[in-house]
Amino acid sequence: MLEARSLAAIRGERLVFRDVSFRLAAGGALLLVGPNGAGKSSLIRLLAGLTPPAAGALLWDDQDALDDPPLHATRLVFVGHMDAIKPGLTVADNLGLARRRSRADIVAALATVDLERFADLPARLLSSGQRRRLALSRLALSSAPLWLLDEPTTGLDAASVRRLEANFARHRAGGGMIIAATHLPLDLPGSVGLDLSRAGS
Ligand SMILES: Nc1ncnc2c1ncn2[C@@H]1O[C@H](COP(=O)(O)OP(=O)(O)OP(=O)(O)O)[C@@H](O)[C@H]1O
């Protein structure tokens, strides 16, 4: 169970949001919405433990989640909208970079986003939507329960969005949790919406 209690974020000198509270149980999904600048990315970074909250608390199974940042990092995968892809490496080597992975695991992860036939292509040759899919294939390499996704479907074609939605459904069926910020329609059945335009000062 992930629980946010009255979280607030300050970026620069500005209070971006305050009093953001929610609970997310195993299998749950939370959709962050709100206009540009409402603080969706700021909240995701905070939930990922990348920036501290200005106020409030984040709990994991009733314990302070941010007390032990390395432990919190093992609970989640964060796919931000900067794709963090090394253009000089092949598609497969981009996935094997952080930890040694077997070729079979890498190809299986690429297959979740229909990129396996591009495994040996330099990543710089991918289109922007394919780069996005490569970033999203990292989800399949992790067993972390919490997926934090910033604009996951930007630049994706309709078939890729549907494939991603199926991946989301599988993750949730196995007890995983999803928090996604998006401006685009995303089919996350039973998800809860959190509108950050109502959480400003
Ligand atoms: N590093 C930073 N330093 C100062 N201000 C920042 C920083 N990052 C973000 N901000 C400000 O924080 C506010 C919230 O930004 P954030 O990126 O969280 O919004 P968002 O809801 O994700 O927007 P978008 O829909 O455009 O992606 C904005 O006013 C932005 O200018």
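Every chain is numbered on its own, with residues counted from 1 as its sequence reads. Local features in this predicted model are restricted to residues of pLDDT 70 or higher, and side-chain atom pairs are both shown and tallied only at a pLDDT of 80 or more, whereas totals for entire chains, interfaces and linings draw on every residue. By convention in this description, side-chain values take in all heavy atoms of the structure and omit both hydrogens and water.

Where an unreviewed UniProt entry is consulted, the protein chain appears under the name Heme ABC exporter ATP-binding protein CcmA, with the organism given as Acidiphilium acidophilum.

A. Representation of the overall build of the protein chain within the structure. Where helices and strands are cited, they refer to DSSP runs of H or I of at least four residues and of E of at least two residues respectively, numbered from the N terminus. Secondary structure assignment for the protein chain yields six helices and nine strands. The globule rule used here is 2.2 Å times the number of residues to the 0.38 power, and the radius of gyration it is set against is calculated over C-alpha atoms. Relative to a compact globule of 201 residues, whose C-alpha radius of gyration would be 17 Å, the protein chain shows 17 Å and is just as compact. Expressed along its principal axes, the backbone C-alpha trace of the protein chain runs to roughly 50 × 35 × 30 Å. Counting all 201 residues of the protein chain, 46% fall into the buried class. In this description, contact between two residues means that some pair of their heavy atoms is separated by no more than 4.5 Å. Taking the intrachain contacts of the protein chain between residues at least 6 apart in sequence as the baseline, contacts between residues at least 24 apart amount to 67%. With a 1.4 Å probe rolled over the protein chains alone, any residue whose accessible area is under 20% of its type maximum counts as buried; one over 50% counts as exposed, and the rest are partly exposed.

B. Fine view of the packing of aromatic side chains. Aromatic rings from Phe, Tyr and Trp, taking only the six-membered ring of Trp, are treated as a pair when their centres fall within 6.5 Å; an angle between ring planes under 30 degrees marks them as stacked, one over 60 as edge-to-face, and anything in between as tilted. Inspection of the entire model under this criterion finds one aromatic pair. Ring geometry for W147 and F168: centres 6.2 Å apart, planes at 65 degrees, overall edge-to-face. Separated by 21 residues along the polypeptide, W147 in strand β7 (residues 146-150) and F168 in helix α6 (residues 158-173) bring together distant segments of the chain. The two residues W147 and F168 agree in class, both being buried.

C. Local environment of the sheet that holds strand β2 (residues 14-24). Read across the sheet, four strands follow the order β2-β1-β4-β5 without closing on themselves; strand pairing throughout is antiparallel. Edge positions in the open sheet fall to β2 and β5 (63-64), since each of these has one partner strand only. A strand pair is defined by DSSP finding two or more bridges across the two strands. Both strand β1 (residues 2-11) and strand β4 (residues 55-60) contribute to a ladder of five bridges, which runs antiparallel. Residue pairing in the sheet places R5 in a bridge with A57 of β4.

D. Expanded view of the pattern of salt bridges. Note on definitions: salt bridges are taken to be side-chain nitrogens of Lys or Arg within 4 Å of carboxyl oxygens of Asp or Glu. One pass over the full model with this rule turns up six salt bridges. Residue R23 pairs with E3 through a salt bridge whose shortest N-O separation is 3.7 Å. Note that R23 is positioned in strand β2 and E3 in strand β1, a separation of 20 residues in sequence. Residue R23 is classed as exposed on the basis of its relative accessible area, which comes to 57%. A salt bridge links R103 to D120; its shortest N-O distance comes to 3.1 Å. With R103 in helix α4 (residues 103-111) and D120 in the loop between α4 and α5 (128-137), this pair connects stretches of sequence that are 17 residues apart. Accessibility expressed as a relative area gives 46% for R103, which makes it partly exposed. What makes D120 exposed here is its relative accessible area of 55%. Among the charged side chains, a salt-bridge network with shared partners connects E3, R5 and R23.

E. The arrangement of α5 in detail. Of all 10 residues in α5, eight are buried; the element is thus mostly enclosed. Buried residues of α5: G129, Q130, R132, R133, L134, A135, L136 and S137, and no others. Residues of α5 that are buried in the fold lie against β6 (76-79), α3 (91-96), α4, β7 and α6.

F. Structural detail: unusual backbone geometry. For S6, which is not glycine, the phi dihedral falls at a positive 50 degrees. Although it is not a glycine, E151 adopts a positive phi angle of roughly 50 degrees. With respect to the helices, strands and loops of the structure, E151 is situated in the loop between β7 and α6. A relative accessible area of 11% means that E151 is categorised as buried.

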